[in-house]
Amino acid sequence: MLAAGGCKSTGGSTDGGGAQGGSSAGTTGAGGGGSTGAGGGSAGVSGSFAGLHAVQGTNGRGGKIADKNGNVIVLHGADESGTENYCTTWGPPPIVISPQGGPSPLTQDSLTAMKSWGLNTVRIPLNEDCWLGINGVDASVGGANYQAPILAAVNLITQTNGMYAILDLHWSAPGTTLPTGQGTMPDLDHTVAFWQQVATAYKDNGSVIFDLFNEPVMSSGTNDQQFACWKNGSTTGGGGDCPMVNFSVAGMQQLLTAVRGAGAKNLVMMGGIGYASQLGLWPTYVPADTLSPPNIAASWHVYDDQGGCTADGTTTVATLCGTSGLGGQAVMNAGYPIVVGETGYYSCSASVGQAWWPLFLSWADAQGIGFVAWSWSDGNNPQLLANTATFDPGGIGPTYKQYLQCIAGKTVTSATSCTFVPSTGCE
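Residues numbered from 1 in each chain as written. Predicted model: local features only at pLDDT ≥ 70, side-chain atom pairs only at ≥ 80, totals over all residues. Heavy atoms only, no water.

Brief notes about the overall build of the chain
Next up, step 1: For the chain, the helix and strand inventory stands at 13 helices and 13 strands.
Next up, step 2: For the chain, buried positions account for 62% of its 427 residues.
Next up, step 3: For the chain, the exposed area adds up to about 13,100 Å²; of that, 49% sits on carbon and sulfur atoms. (Helix = DSSP H or I, 4+ residues; strand = E, 2+ residues; numbered from the N terminus. Buried < 20%, exposed > 50% of the residue type's maximum accessible area, 1.4 Å probe, protein only. Areas by Shrake-Rupley, 256 points an atom, 1.4 Å probe, with all protein chains shown as cover.)

Focus: the pairing of strand E5 (residues 121–127)
Next up, step 1: Counting buried positions along E5 gives seven out of seven residues, so the element sits mostly inside the fold.
Next up, step 2: Going residue by residue along E5, you find Thr 121, Arg 123, Pro 125 and Asn 127 tucked away on one face and Val 122, Ile 124 and Leu 126 tucked away on the opposite face as well.
Next up, step 3: The pairing of strand E4 (residues 76–79) with E5 spans three bridges and is classified as parallel. Looking at the pairing, Ala 78 lines up with Val 122 of E5.
Next up, step 4: Summarising the sheet, E5 and strand E6 (residues 164–171) pair through seven bridges and their orientation is parallel. Bridge pairing links Leu 126 to Leu 169 in E6. (Pairing = 2+ DSSP bridges.)

Topic: the sheet that holds strand E7 (residues 208–211)
Next up, step 1: A barrel is described by the order of its strands in space; here eight strands give the closed sequence E4-E5-E6-E7-E8-E9-E10-E11, paired in parallel fashion. Neighbour-to-neighbour, the strand axes of this sheet turn through a mean angle of 30°, independent of strand direction.
Next up, step 2: Strands E4, strand E9 (296–303), strand E10 (338–344) and strand E11 (370–373) of the sheet are contacted by helix H12 (residues 350–367), whose axis makes an angle of about 170° with E10.
Next up, step 3: Packed on one face of the sheet, helix H13 (residues 397–407) meets E4 and E11 and runs near 150° to E11. (Axes fitted to C-alpha atoms, helices over the stretch in contact; angles between N-to-C directions. Contact = heavy atoms within 4.5 Å.)

A short note on the pattern of salt bridges
Next up, step 1: Considering all chains together, one arrives at five salt bridges under this definition.
Next up, step 2: Residue Arg 123 pairs with Asp 79 through a salt bridge whose shortest N-O separation is 2.7 Å. Taken as a pair, Arg 123 in strand E5 and Asp 79 in strand E4 lie far apart in primary sequence, 44 residues in all.
Next up, step 3: Classification of Arg 123 by relative accessible area gives buried; the value is 0%.
Next up, step 4: For the salt bridge of Asp 168 with Arg 123, the shortest nitrogen-to-oxygen distance reads 3.3 Å. You can see Asp 168 sitting in strand E6 and its partner Arg 123 sitting in strand E5, a full 45 residues away along the chain. (Salt bridge = Lys/Arg side-chain N within 4 Å of Asp/Glu carboxyl O.)

A word on the packing of aromatic side chains
Next up, step 1: According to the stated counting rule, one finds 17 aromatic pairs in the structure shown.
Next up, step 2: Relative to Phe 194, the ring of Trp 131 lies with its centre 5.9 Å away and its plane at 75°, an arrangement referred to as edge-to-face. Taken together, the residues Trp 131 in helix H3 (residues 128–132) and Phe 194 in helix H5 (residues 191–202) connect sequence positions 63 residues apart.
Next up, step 3: Taking relative accessible area as the criterion, Phe 194 reaches 0% and is therefore assigned buried.
Next up, step 4: Ring geometry for Trp 282 versus Tyr 336: centroids 5.2 Å apart, planes at 75°, classification edge-to-face. Note that Trp 282 is positioned in helix H9 (residues 282–285) and Tyr 336 in the loop between helix H11 (328–333) and E10, a separation of 54 residues in sequence.
Next up, step 5: Using a relative accessible area of 14% as the deciding quantity, one classes Tyr 336 as buried.
Next up, step 6: Three or more aromatic residues joined by ring pairs make a cluster, and in this case those are Phe 227, Trp 230, Trp 282, Tyr 285 and Tyr 336. (Phe/Tyr/Trp six-rings, centres within 6.5 Å; stacked < 30°, edge-to-face > 60°.)

Thoughts on the side chain of His 190
Next up, step 1: Among the structural elements, His 190 can be located in the loop between E6 and H5.
Next up, step 2: Here Gly 175 takes part through its backbone oxygen, which lies 2.7 Å from a polar atom of the side chain of His 190.
Next up, step 3: Sequence-distant contacts of His 190, defined by excluding residues within four places in its chain, comprise Glu 128, Asp 129, Leu 132, Ile 134, Asn 135, Ala 173, Pro 174 and Gly 175. (Polar contact = N/O pair within 3.5 Å; in protein donor to acceptor, adjacent residues only side chain to side chain.)

Observations concerning the confidence of the model for the chain
Next up, step 1: Of the residues in the chain, 84% have a pLDDT of 70 or more, and the chain-wide mean is 84.
Next up, step 2: Contacts for the low-pLDDT stretch residues 2–43, under 50 throughout, to residues beyond four places or in other chains number 152 contacts.
Next up, step 3: Counted against residues more than four places away or in other chains, residues 93–103, with its pLDDT under 50, gives 31 contacts. (pLDDT = per-residue confidence, 0-100.)

Brief notes about the environment of Ala 113
Next up, step 1: Considering the arrangement of structural elements, one finds Ala 113 in helix H2 (residues 108–117).
Next up, step 2: Here Ala 113 falls in the buried class, since its relative accessible area comes to 11%.
Next up, step 3: Separated by 279 residues in sequence, Ala 113 and Asp 392 have C-alpha atoms that sit 9.1 Å apart.

Examining helix H6 (residues 223–232)
Next up, step 1: Taken together, the buried positions of H6 are Gln 226, Phe 227, Ala 228, Cys 229 and Trp 230.
Next up, step 2: One or two residues past the end of H6 sits Gly 233, with phi positive at roughly 65°.

Description of the packing of H12 against H13
Next up, step 1: Look at H12 against H13: their axes get within 10 Å of each other, and the N-to-C directions meet at 35°. Crossing hand, H12 versus H13: right-handed. Contacts between H12 and H13 involve Gln 354, Trp 357, Pro 358, Leu 361, Ser 362 and Asp 365 from the first element and Thr 399, Tyr 400, Tyr 403 and Ile 407 from the second.
Next up, step 2: Taken together, the residues of the contact of H12 with H13 sort by class into six nonpolar, three polar and one charged. (Left-handed = near helix turned anticlockwise from the far one by under 90°. Nonpolar A, V, L, I, M, F, W, Y, C, P; charged D, E, K, R; others polar.)

Some words on unusual backbone geometry
Next up, step 1: Residue Pro 293 is reached from Ser 292 by a cis peptide bond, and omega for that bond is 0°.
Next up, step 2: Mapped onto the elements, Pro 293 comes out in the loop between H9 and E9.
Next up, step 3: At the junction of Trp 374 and Ser 375, the peptide bond is cis and its omega measures out at 0° in the coordinates.
Next up, step 4: Secondary-structure assignment places Ser 375 in the loop between E11 and strand E12 (385–387).
Next up, step 5: If you check the backbone angles, Asn 135 has positive phi at about 55° while not being a glycine.
Next up, step 6: With a phi close to 60°, Phe 391 is a non-glycine residue in the positive phi region.
Next up, step 7: As for its placement among the helices and strands, Phe 391 is situated in the loop between E12 and strand E13 (392–393).
Next up, step 8: Looking at Phe 391, the relative accessible area reads 10%, which means it is buried.

Set out below in structure tokens:
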């Protein structure tokens, strides 16, 4: 999460069953699951993969995400901030991801609270240098000592609690620079190696999703030029398809190829340009997947300023829909699923956010689009909790919790177009 889309400060084995949480298009309730809507059931990815997989949409309706049995599910989740920075900021954790005094520790109590809200997904931001143990990261918090608590957390999420985990490359930097904030693009120096290792570690856990890069952003160039860099990367700084980036870029095609080369068939998310807010040309430049059908989804970050700072649902949806710019319809037309990897309100007034956000969430549910809210931790903006010991909602949390608990008792009408604005009584 960063300006113009927000502001922010290893592998277990499972059968990939995961949670049947969240309301599916045409089904009821958080925790319901079920198969219906565009795509319906699925034979799986490349013949045999016990995990989450993309189901291609048809006739302008977006793809869906299905579990190993072909049941369409919708991800309802929260981002758990802290793992992107603790090895450079907080020091070593105890047996949970985050230390006392830092962001919310991801314990069983925390996951129990999440499930009581109606959540079925946790997105975990990672730091490539912490994972790789390079560029001066202390061994006590880097390499194996970084990976171990991540593994424990993922197993707690997916195996013990039957939920889904999204592993997101959140902080990165080229060369000898230690990441202390978001990188602008994946770097060729480390990001390929990072994903080779992560994919190898989690390839047997079908409840784990890979989010290849948090928020791609470039300082100049047309949308076509930026998406060409996004896909193809460059071998030199300021060269090839990335003249606007001063370091060698690992393109999405290279990262996807690295994941598949490690033997991982997991669902892969790829965020668009403009801090993952712009999807208009995403289908034109989407990398080729060696799996058939492709097991990929668009990652989208949607905050209140992108909705035009208006509480009017029709205006908001019109801004998000379309086949250019933010471009939700473009991805739907191409039949790919969309997952909103970050969402919330912080930029516009609280009254606008409280009116706008439930409308957007209802719209997403009607499209079968999953969403993950930023952030379960305290000390972030926006934040879902007032207290990480009692898990009382705070900030945008009351709005999110109320929506999720309301929608759990509703039947979501499956959308027939990107501009469909539902009326479930939860908006």
